[in-house]
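Summary of the model geometry
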Amino acid sequence: MNYQVDEKGYYGRFGGAYVPEILHKCVEDLQRNYLETLESDAFRQEYHHLLRTYAGRPSPLYRAGRLGAKYGCRIYLKREDLNHTGAHKINNTIGQILVARSMGKTRIIAETGAGQHGVATATVCALMNMPCVVYMGQTDVERQQPNVRKMRMLGADVVPVRSGNMTLKDATNEAIRDWCCHPSDTFYIIGSTVGPHPYPDMVARLQSVISEEIRWQLEEAEGRDFPDYLMACVGGGSNAAGTVYHYLDDERVKIVLAEAGGEGILSGRSAATIQLGKEGILHGARTLVMQDEDGQIEEPYSISAGLDYPGIGPLHANLAETKRATVLAVNDREALSAAFELTRLEGIIPALESAHVLGALPKLDFRPGDVVVLTVSGRGDKDMETYLKELIIEN
Ligand SMILES: *Cc1c(COP(=O)(O)O)cnc(C)c1O
């Protein structure tokens, strides 16, 4: 079995590049260049240098003793929450801006929902002295003010989008429209393993530094370089792709993905795309999409802004379809209680997104010797208001 992308940009039935005529050349240029760029010595040196000296890698692999005791196994947390800007997203934006520069691009655009990818993009644009335009739905601009302020302080032009539901999907459409108008000088930095080929593969490779580190860190800690379980949350799928990348073909390793169940997958308020989605085209790729009978995109809902995306990376759609990965829906309540559990047992306040994969722990049956690696994709600072409300209810 091979779960990697094929030469045509597909993972089984999923993937491809469904883009407007005017972008064909842009996307083809990237398809032709990205592998050679990512594998070149010059790129690798600068990328790894920045990951180390700027982003703070390697991120620790921490043995969570009390959490493990609770679930009857050996749990290690991969601490992406300790990266600069507070999540795994910086791994990707550092990589893509280096690709952009090597292709001679001089202007960066991005879409953002919760604002986390917008901040990570604005950060590397400041670092590389490149102009940056971030498209963000008006609704999201209003509810994610701290991130909007950070982006503006970093020098990015944040453009509120007032079409549709004024959320991520609409911001994405606007970013694609911008790209169509400026195909020669502009590079579109996509924030997850989504979009037309080669984005899902490029982003997965840039995040694969996570599983590369897990391999030697586990060897050091356990004397074997593979776990029994790998666990990650999925919005578009980038932290999960990075977590599993080097283990995809290693059938000794079980893969568990947690998607956002919202108020319950049958409640009509959910973002459980893998379980509820039907095949369709979104954001330039064939994948599972939350849509109604007429193919209209359904607005996803989750307590976590980073997980309410109506699609899923084509890599992950294929992992679910081939049953290589087990996909569990974790609802708002379960995630909140898992966030408090981690905080009280280990002194680590996780991002609400990461809380969803922690909420999958009680749904699994571990054996005492099992080695479990769970990726904490980000830190909870941005979610303190939601957590505080929960504390008030608790008391
Ligand atoms: C954006 C985000 C996610 C979801 O994105 P993926 O591409 O699925 O990883 C998860 N966790 C955090 C902390 C995020 O900021």
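Preceding this section is the structure that the text describes.
Residues numbered from 1 in each chain as written. Predicted model: local features only at pLDDT ≥ 70, side-chain atom pairs only at ≥ 80, totals over all residues. Heavy atoms only, no water.

1. Side note on the overall build of the chain
Check the secondary structure of the chain and you find 16 helices and 14 strands. Against the compact-globule benchmark of 21 Å for 395 residues, the chain has a radius of gyration of 19 Å, which places it among compact chains. Each principal axis of the C-alpha atoms in the chain carries an extent, and together these give about 55 × 45 × 40 Å. By the burial criterion, 61% of the 395 residues in the chain qualify as buried. Accessible surface, the chain: about 15,800 Å² in total, of which carbon and sulfur atoms supply 50%. Here the chain contributes 41 positively and 52 negatively charged side chains, and the mean placements of these two sets differ by 3 Å. (Helix = DSSP H or I, 4+ residues; strand = E, 2+ residues; numbered from the N terminus. Rg over C-alpha atoms; globule rule 2.2 N^0.38 Å. Buried < 20%, exposed > 50% of the residue type's maximum accessible area, 1.4 Å probe, protein only. Areas by Shrake-Rupley, 256 points an atom, 1.4 Å probe, with all protein chains shown as cover. Lys, Arg positive; Asp, Glu negative; His and termini not counted. Charge placed at Lys NZ, Arg CZ, Asp CG, Glu CD.)

2. A look at the site of the ligand
Among the 17 residues in the neighbourhood of the ligand, the closest are listed as Lys89, Ser192, Gly237, Ser238 and Ser377. Backbone polar atom of Gly236 to an oxygen atom of the ligand: 3.2 Å apart, as the coordinates give it. Contact between the ligand and Ser377: a nitrogen atom at 2.7 Å from a side-chain N or O atom of the residue. Coverage of the ligand by the protein amounts to 97% of the 390 Å² it exposes when considered alone. Of the residues that constitute the shell around the ligand, the class distribution is four nonpolar, eleven polar and two charged. (Near = heavy atom within 4 Å. Polar contact = N/O pair within 3.5 Å; in protein donor to acceptor, adjacent residues only side chain to side chain. Nonpolar A, V, L, I, M, F, W, Y, C, P; charged D, E, K, R; others polar.)

3. Concerning helix α13 (residues 314–321)
Of all eight residues in α13, seven are buried, a share of seventy percent or more. Of all the positions in α13, only Pro314, Leu315, His316, Ala317, Asn318, Leu319 and Ala320 are classed as buried. Of the residues one or two after α13, Lys323 is the one with positive phi, at around 65°.

4. Re the packing of helix α5 (residues 116–128) against helix α7 (residues 145–153)
Close contact between α5 and α7 brings their axes to 9 Å; oriented N to C, the two are set at 15°. On the basis of the axis angle, α5 is roughly parallel to α7. Here the hand of the crossing between α5 and α7 comes out left-handed. Facing α5, whose interface residues are Gln116, Gly118, Val119 and Ala122, α7 presents Asn147, Lys150 and Met151. Among the residues forming the contact of α5 with α7, the class breakdown is three nonpolar, three polar and one charged. (Axes fitted to C-alpha atoms, helices over the stretch in contact; angles between N-to-C directions. Parallel < 35°, antiparallel > 145°, perpendicular 65-115°, else oblique. Left-handed = near helix turned anticlockwise from the far one by under 90°. Contact = heavy atoms within 4.5 Å.)

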